[in-house]
Amino acid sequence: MSFLFGRQPQISSEQKIAQAEAEIDMVSDMYSRLVNSCSKKCIDTAYREADLNKGESVCLDRCVAKFFEVNVKVSEKMQGEAQNRGGGGGGAFGM
């Protein structure tokens, strides 16, 4: 009955574990999409050198920065829409 006194109800251990697993899945998916997208854009499939050249490094740096910038903007937009609908929500994608 802690919610009667202005506190949030306690989350069970199982719920905390499920939330952590969902967050890990989401981060893993985002990382996978980042690697696939930026690799396709920036790294030539005909490898000529063992290390990245200057152009590939710069391209990857910019690609990652843009990927995260867009990810933040989309998350903010989705959170704003969830709040406008009255969902409140917390975290990315209304979770």
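Look up: the structure comes first, before these words.
The notes below deal with the structure included here. Keep in mind that what you see is a predicted model, and the values were worked out from it rather than measured.

## Focus: the state of the cysteines
Inference 1: Overall, the coordinates contain two disulfides when judged by the stated rule.
Inference 2: Between Cys38 and Cys63 runs a disulfide, and the two sulfur atoms are separated by 2.0 Å. Across the disulfide from Cys38 to Cys63, rotation about the S-S bond amounts to roughly -90 degrees, and the bridge is consequently left-handed. You can see Cys38 sitting in helix H1 (residues 13-42) and its partner Cys63 sitting in helix H2 (residues 54-84), a full 25 residues away along the chain. Neither residue differs from the other here; Cys38 and Cys63 are each classed as buried.
Inference 3: Each sulfur of the disulfide joining Cys42 and Cys59 lies 2.0 Å from the other. For the disulfide bridge between Cys42 and Cys59, the dihedral angle about the S-S bond is near -70 degrees, and by the sign convention the bridge is left-handed. Here Cys42, found in helix H1, pairs with Cys59, found in helix H2; they are 17 residues apart in sequence, far enough to count as distant.
Inference 4: Its relative accessible area of 27% is what places Cys59 among the partly exposed residues.
Inference 5: For the chain, numbering the cysteines in disulfides from first to last along the sequence yields the connectivity 1-4, 2-3.

## Some points on the packing of aromatic side chains
Inference 1: The full count for this structure, using the stated rule, is one aromatic pair.
Inference 2: Measuring from centroid to centroid gives 6.1 Å for Phe67 and Phe68, while their planes differ by 85 degrees, and the two rings are edge-to-face.
Inference 3: Phe68 gets classed as partly exposed once you look at its relative accessible area, which sits at 36%.

## Considerations on a nonpolar patch on the surface
Inference 1: On the surface, a nonpolar cluster with roughly 230 Å² of combined accessible area is contributed by Val70, Val74 and Met78.
Inference 2: Mapped onto the secondary structure, Val74 falls in helix H2.

## Describing the layout of surface pockets
Inference 1: What the second largest pocket holds in volume is close to 170 Å³.
Inference 2: In terms of lining, the second largest pocket is formed by Ile43, Asp44, Ala46, Tyr47, Arg48, Glu49, Ala50, Asp51, Leu52, Asn53 and Glu56.
Inference 3: Among the residues forming the lining of the second largest pocket, the class breakdown is five nonpolar, one polar and five charged.

## Description of the pattern of salt bridges
Inference 1: With the rule as written, the count across this model stands at four salt bridges.
Inference 2: Asp29 is paired through a salt bridge with Arg33; the nearest N and O atoms lie 3.1 Å apart. Taken together, the residues span about one helical turn, with Asp29 and Arg33 both in helix H1 at a distance of four residues.
Inference 3: Classification of Asp29 by relative accessible area gives partly exposed; the value is 42%.
Inference 4: Of the charged contacts, one joins Arg48 and Asp44 as a salt bridge, the two residues approaching to 3.1 Å between their closest N and O atoms.
Inference 5: Classification of Asp44 as partly exposed rests on a relative accessible area of 35%.

About the criteria used
Residues numbered from 1 in each chain as written. Predicted model: local features only at pLDDT ≥ 70, side-chain atom pairs only at ≥ 80, totals over all residues. Heavy atoms only, no water. Disulfide = S-S within 2.5 Å. Helix = DSSP H or I, 4+ residues; strand = E, 2+ residues; numbered from the N terminus. Buried < 20%, exposed > 50% of the residue type's maximum accessible area, 1.4 Å probe, protein only. Phe/Tyr/Trp six-rings, centres within 6.5 Å; stacked < 30°, edge-to-face > 60°. Patch = residues over 30% accessible without salt bridge, like charges linked within 9 Å, V, L, I, M, F, W, Y side chains within 5 Å. Areas by Shrake-Rupley, 256 points an atom, 1.4 Å probe, with all protein chains shown as cover. Salt bridge = Lys/Arg side-chain N within 4 Å of Asp/Glu carboxyl O. 1 Å grid on protein atoms, 1.4 Å probe; cavity = no way out; pocket = protein on both sides within 12 Å on 5 of 7 lines; lining within 4 Å. Points joined across faces, edges and corners; volume = space filled by probe spheres on them. Nonpolar A, V, L, I, M, F, W, Y, C, P; charged D, E, K, R; others polar.

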